[in-house]
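# Fold and geometry: a report
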Amino acid sequence: MTPSKNEQAPSDDPQPTRGKLSRRSILGGFAAAGVGAAAVPFLAGCDKSSGDSPPGYGTGINEGFDGKIELDVRDSTPDWKPFELRKAPDGAPNVLVVLYDDTGLASWSPYGGRINMPTLQKLADNGLTYTQWHTTALCSPTRSTMLTGRNHHVNRFASITEAANGFPGAAGRLPAQCATVGQVLQDNGYSTFWVGKDHNVPEEDISPGGNKSEWPTQMGFDRFYGFLGGETNNWYPDLVEDNRFIEQPYGPEQGYHLSKDLADNAIKMLRDQRSSNPSKPWYLWFCPGANHAPHHSPTEYAEKYRGTFDDGYEAYREWVLARMIDKGIMPAGTALTPLNPLPKDVAVDADAVRPWESLNADEKRLFSRMAEVFAGFSEYTDAQVGRIVEYLEQTGQMDNTVIFYCADNGASGEGSPNGSVNENKFFNGYPDDFAENMRYIDRLGTPDTYNHYPTGWAVAFSTPFQMFKRYAQYSGGTCDPLIIHWPKGIKAKGQIRHQYHHCVDIVPTILDVTGVSMPERYRGVEQYPINGVSMRYTFDDADAATKKQRQYYAMLGTRGIWEHGWKASAVHAAISGKGHFDQDTWELYHVDEDRSESKNLADQHPDKLKELINVWNEEAKDNYVLPLDDRTAVQQLGVERPQAEPPRDRYVYYPGTSPVPEGVAVNIRGKSYKILAGVDLAPDAQGVIFAHGSRFGGHALFIKDGTLHYVYNFLGIAPEQDFVAASPLTPGKHTLGMEFAREGAGPNGESLGATTLYIDGQPVNKGPMRAQTGKFTLAGDGLCVGYDSGDSVSLQYRTPGTFTGGTIRNVTIDVGKESYTDLQKEAAAALERN
């Protein structure tokens, strides 16, 4: 195989010559190129004794050069071939991959769902709709497979990046043996763009000073615009452009929404490409925040669905399954699975579904509205994808652009049985309160909420399967929509394909249609073989036998194996914390005959079940799957990982810097802590001194109307915990701060204790406070000094709440055992010295 331009040629010399070369070597090199002794007097200026040589010349540099080199360039003949970049194969298509989050098979209109997706429907009507395309059941792992074509544990993505745990299959960093599709296409003449969600950058690297080796532009993408974490606020996103953090261009009051912004930037990248290199094909990975929480929808789109889901999620399941059968998505006779399929001793309460008829009128009204907002969010984002498609049509690029429109896992159950106005409660192990949720019913989807529908809709949108996202043993977690559209390369229009496939198959399909191969060695490293198979054979043969032989599944303690139309599934709940995997019961399904996995055949075919369990064990060994991890979300997200900056007792932050992301900021979770700020105040001093998080979880120290405030916003639950000084501040130098003394844990693990507010070492307010033990956000809304980024922590000021009327020297946050008084004295002395 021809090495790529980035591949290092192997050497027989264990220590190849580097740096200085002898004059003999230089002369030898030129002699090999046909340059005689008379042609090298220009070397006379070199230090013969030291062996110095002109930069860039040495043994082997002329290898492959077919020109002629003489002393005078006018007598020489150039040869550009060794220096030319590779070009894409003639006629190679553009590639657009649209990857949604958290979308079950029964959500969207092409599959029979009630969510209207005009752009997707147009592509389906002129392309292919796949009914047995599967994912890993979680976002980061699926996305890793669509980057490399290897299984998620081979990519070291057993789970999301925030849950990396240091084992070979779960380290959360792509190994050098897994080159990305971006790198391979980039090396073969493609422009490569990534817009939207990443979620494959290690959490500890998401910072302005963090290691950039796993950021998109180092992973083979020419340009990136989007967010690096698992989710973000669609009204106030945490944005990155290429290798730097940026602020959003305008706010929601001016019409901002992340989906629109992402489409704007995708179109601009394509326009720039067409203006400068119109003959060069491109690859665009477009990953919107939809349909991941928070479900943020422009009101007019949510209103389009008013009343659409009033019949409830169980009625929806009956209705949509009939539609799926009528459309040919599911075979006739497909049965529904139970609403709560797991045995009570296995199931976890947070993933339970409350039967619709058990709800009161207000609960039904709230849950229906949550589904309406979700639907509006999905359709609005589809409309933004439609703008990209429209641009391709207007510029004549549609015919030879391969479009993959899909989702990364099943519908999300992270909204709990009661739904949520703040999905971050799930990641803090804190229950939702119905009364609180009802207060926000008319503001769902707006900047006032971080909302997520209840588990009942997760099951409904994953009809007819069992369970939802995170459950890898069932198709409710893994069977997702995929539509492929390519007018030039696919003759069939509006047809359905039932071949069994998986997300690892996307990369080999892209390489197949572009005429590019995955190198055996990349940048000097031997590559792991691709685990996926190309789906191109299905494009024009609806009856072709599935080329997929087997596919293992493992996620958050759940596991399963599919082989030749049969599937074995271990009965275990995701992130249950129960362990005892050796005691799991296994179920057996003949998926070729029972698409919904509704008939457990374990008793009828024990030998088949044993055979498949052995296959799973074999795959687990070959793909670095073990150890299994079903610890709770709070436990997994709280794993201590190596940091470029080791954890310490004291952190000092300064004004005028970018937000410090939570993954690398001081960790106050479950601890006592102290905050001190050295300031020099003018009479009109106002604004944020320190802020971290958002209105959905965070804390801030600020001055309002001349008075010092410390607000801890506990998971967005009103009212804010506000500690206010008894009297206004005076002009001059001060040390301002607070101390939280943790005394114990509450019923849901939250920290309980007392907070004291200080001015110049003197207590000015004290009272009880509760604090989160989980993160303020999965990513973003970082720690700021002198302003607040994104969505404000407190409703008492508006973002950015910039500090004015004075100077902030620094802000110190201490999680050690030193007393507040000692810290205050130290800070006051430093302030005087300044």
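What you see is a predicted model, and the numbers here were worked out from it, not measured in a lab.

### What about the environment of Val-525?
Here Val-525 lies in strand S13 (residues 525-526). Expressed as a C-alpha distance, the spacing of Val-525 and Ala-179, which sit 346 residues apart in the sequence, is 9.4 Å. Excluding residues within four positions of it along the chain, Val-525 makes contact with Ala-176, Gln-177 and Glu-520.

### Brief notes about the packing of helix H5 (residues 258-276) against helix H8 (residues 361-394)
Where H5 meets H8, the axes come as close as 9 Å, and the angle between the chain directions of the two elements is 10°. By the criterion of interaxial angle, the relationship of H5 to H8 is roughly parallel. Packed against H5, whose contacting residues are Ser-259, Lys-260, Ala-263, Asp-264, Ala-266, Ile-267, Leu-270, Arg-271 and Arg-274, the element H8 presents Phe-377, Tyr-380, Thr-381, Gln-384, Arg-387, Ile-388, Tyr-391 and Leu-392 at the interface. For the contact of H5 with H8, the residue count by class is 9 nonpolar, 3 polar and 5 charged.

### Some details on the side chain of His-295
With respect to the helices and strands, the residue His-295 is situated in the loop between strand S7 (282-287) and helix H6 (299-303). Here the side chain of His-295 touches Asn-291 through a polar contact of 3.3 Å, landing on its backbone oxygen. If sequence neighbours within four positions are ignored, His-295 has contacts with Val-373, Phe-374, Phe-377, Gly-445, Asn-451, His-452 and Tyr-453.

### A short note on the pairing of strand S25 (residues 762-771)
A regular strand carries its side chains on alternate faces of the sheet. Note that strand S24 (residues 751-759) and S25 share 9 bridges and pair antiparallel. The partner of Thr-756 across the bridge, within S25, is Lys-766. Linkage of S24 to S25, two consecutive antiparallel strands, is achieved through a turn of 2 residues, within which Asp-760 is found at a positive phi near 55°.

### What about the pattern of salt bridges?
Applying the stated criterion to the full structure yields 47 salt bridges. In this structure, the salt-bridge partner of Arg-223 is Glu-241, at a minimum N-O distance of 3.3 Å. Taken together, the positions of Arg-223 in strand S4 (residues 223-227) and Glu-241 in strand S5 (residues 239-241) put the pair 18 residues apart, joining distant regions of the chain. A residue is classified by how much of its surface remains accessible, and Arg-223, at 25% relative accessible area, is partly exposed. Linking Arg-369 and Glu-303 is a salt bridge whose minimum nitrogen-to-oxygen distance equals 2.8 Å. Placement of Arg-369 in helix H8 and of Glu-303 in helix H6 is noted, with a sequence separation of 66 residues between them. Each of Arg-173, Glu-203, Glu-204, Asp-205, Arg-641 and Lys-775 takes part in salt bridges that share partners, so that together they form one network.

### Let's talk about the confidence of the model for the protein chain
Mean pLDDT for the protein chain: 91, with 92% of residues reaching 70 or above. Below pLDDT 50 for its whole length, residues 1-59 participates in 58 contacts with residues either more than four positions away or in separate chains.

### Description of the sheet that holds strand S17 (residues 586-590)
Strand order in the open sheet formed by 4 strands is S14-S15-S16-S17, with antiparallel pairing between adjacent strands. Strands with a single pairing partner mark the edges of an open sheet, and in this sheet they are strand S14 (550-555) and S17. Taking each pair of neighbouring strands and ignoring which way they run, the sheet shows an average axis angle of 15°. Of the strand pairs in this sheet, strand S15 (residues 558-563) and strand S16 (residues 566-570) are connected by 4 bridges, and their pairing is antiparallel. Following the sheet pairing, Ile-561 is matched in S16 by Ala-568. Docked against the sheet, helix H14 (residues 606-622) engages S14, S15, S16 and S17, running at close to 110° with respect to S15.

### Some points on helix H2 (residues 118-125)
Those residues of H2 not exposed but buried are Thr-119, Leu-120, Leu-123 and Ala-124. Angularly, the buried residues of H2 cover 135° about the axis, an arc narrow enough to put them on a single face. On its buried face, H2 sits against strand S2 (128-134), H8, strand S8 (401-407) and strand S9 (479-485).

### Some points on the nonpolar core
Of all hydrophobic cores here, the largest spans 104 residues; its most connected members are Leu-96, Leu-284, Phe-286, Tyr-405, Trp-457 and Phe-461. With 13 residues, the single largest contributor to this core is H8. Once you skip the residues sitting within four places of it in the chain, Phe-286 turns out to touch Leu-96, Val-97, Val-98, Leu-99, Val-195, Leu-262, Ala-263, Ala-266, Val-385 and Ile-388. Residues Phe-157, Val-181, Leu-228 and Cys-287 belong to the second largest nonpolar core, which totals 48 residues.

### Regarding the packing of aromatic side chains
Following the criterion strictly, the structure yields 37 aromatic pairs and no others. With centroids separated by 6.1 Å and ring planes inclined at 70°, the aromatic side chains of Trp-356 and Trp-457 adopt a geometry described as edge-to-face. One end of the pair, Trp-356, is in the loop between helix H7 (313-327) and H8; the other, Trp-457, is in helix H11 (residues 455-461), and 101 residues separate them in sequence. A relative accessible area of 0% means that Trp-457 is categorised as buried. Ring pairing ties together the aromatic residues Tyr-305, Phe-309, Tyr-313, Tyr-316, Trp-319, Trp-356, Phe-374, Tyr-453, Trp-457 and Phe-461, which thus form one cluster.

### Regarding the environment of Lys-775
Within the secondary structure layout, Lys-775 lies in the loop between S25 and strand S26 (784-785). On a C-alpha basis, the gap between Lys-775 and Ile-689 in space is 21 Å, while along the polypeptide they are 86 residues apart. If sequence neighbours within four positions are ignored, Lys-775 has contacts with Glu-162, Glu-203, Asn-424, Asn-428, Leu-637, Glu-662 and Arg-669.

### Considerations on the pairing of S2
Counting buried positions along S2 gives 7 out of 7 residues, so the element sits mostly inside the fold. Looking at chain direction, S2 and S9 are connected through 5 bridges and run antiparallel. Residue Thr-129 lies in a different strand from S9, and its bridge partner there is Ile-483. Of the pairings in the sheet, the one linking S2 to strand S11 (residues 501-502) comprises 2 bridges and is parallel in character. Residue His-134 lies in a different strand from S11, and its bridge partner there is His-502.

### Quick look at unusual backbone geometry
For the bond running from Ala-293 to Pro-294, omega is 0°, close enough to zero to count as cis. Between Thr-463 and Pro-464 the backbone carries a cis peptide bond, its omega angle lying at 5°. Relative to the assigned elements, Pro-464 resides in the loop between H11 and helix H12 (475-478). Positive phi values are uncommon outside glycine, yet Arg-156 reaches one of about 75°. Considering the arrangement of structural elements, one finds Arg-156 in the loop between helix H3 (139-148) and helix H4 (181-186). A relative accessible area of 30% places Arg-156 in the partly exposed class.

### Some points on the environment of His-590
Structurally, the position occupied by His-590 is in strand S17. When the C-alpha atoms of His-590 and Ala-568 are compared, they prove to be 8.9 Å apart, with 22 residues separating the residues in sequence. Leaving out residues up to four positions away in the same chain, His-590 has contacts with Gly-565, Trp-566 and Leu-601.

How each quantity is defined
- Residues numbered from 1 in each chain as written.
- Predicted model: local features only at pLDDT ≥ 70, side-chain atom pairs only at ≥ 80, totals over all residues.
- Heavy atoms only, no water.
- Helix = DSSP H or I, 4+ residues; strand = E, 2+ residues; numbered from the N terminus.
- Contact = heavy atoms within 4.5 Å.
- Axes fitted to C-alpha atoms, helices over the stretch in contact; angles between N-to-C directions.
- Parallel < 35°, antiparallel > 145°, perpendicular 65-115°, else oblique.
- Nonpolar A, V, L, I, M, F, W, Y, C, P; charged D, E, K, R; others polar.
- Polar contact = N/O pair within 3.5 Å; in protein donor to acceptor, adjacent residues only side chain to side chain.
- Pairing = 2+ DSSP bridges.
- Salt bridge = Lys/Arg side-chain N within 4 Å of Asp/Glu carboxyl O.
- Buried < 20%, exposed > 50% of the residue type's maximum accessible area, 1.4 Å probe, protein only.
- pLDDT = per-residue confidence, 0-100.
- Arc of directions from axis to C-beta.
- Core = buried A, V, L, I, M, F, W, Y, C linked by side-chain atoms within 4.5 Å.
- Phe/Tyr/Trp six-rings, centres within 6.5 Å; stacked < 30°, edge-to-face > 60°.

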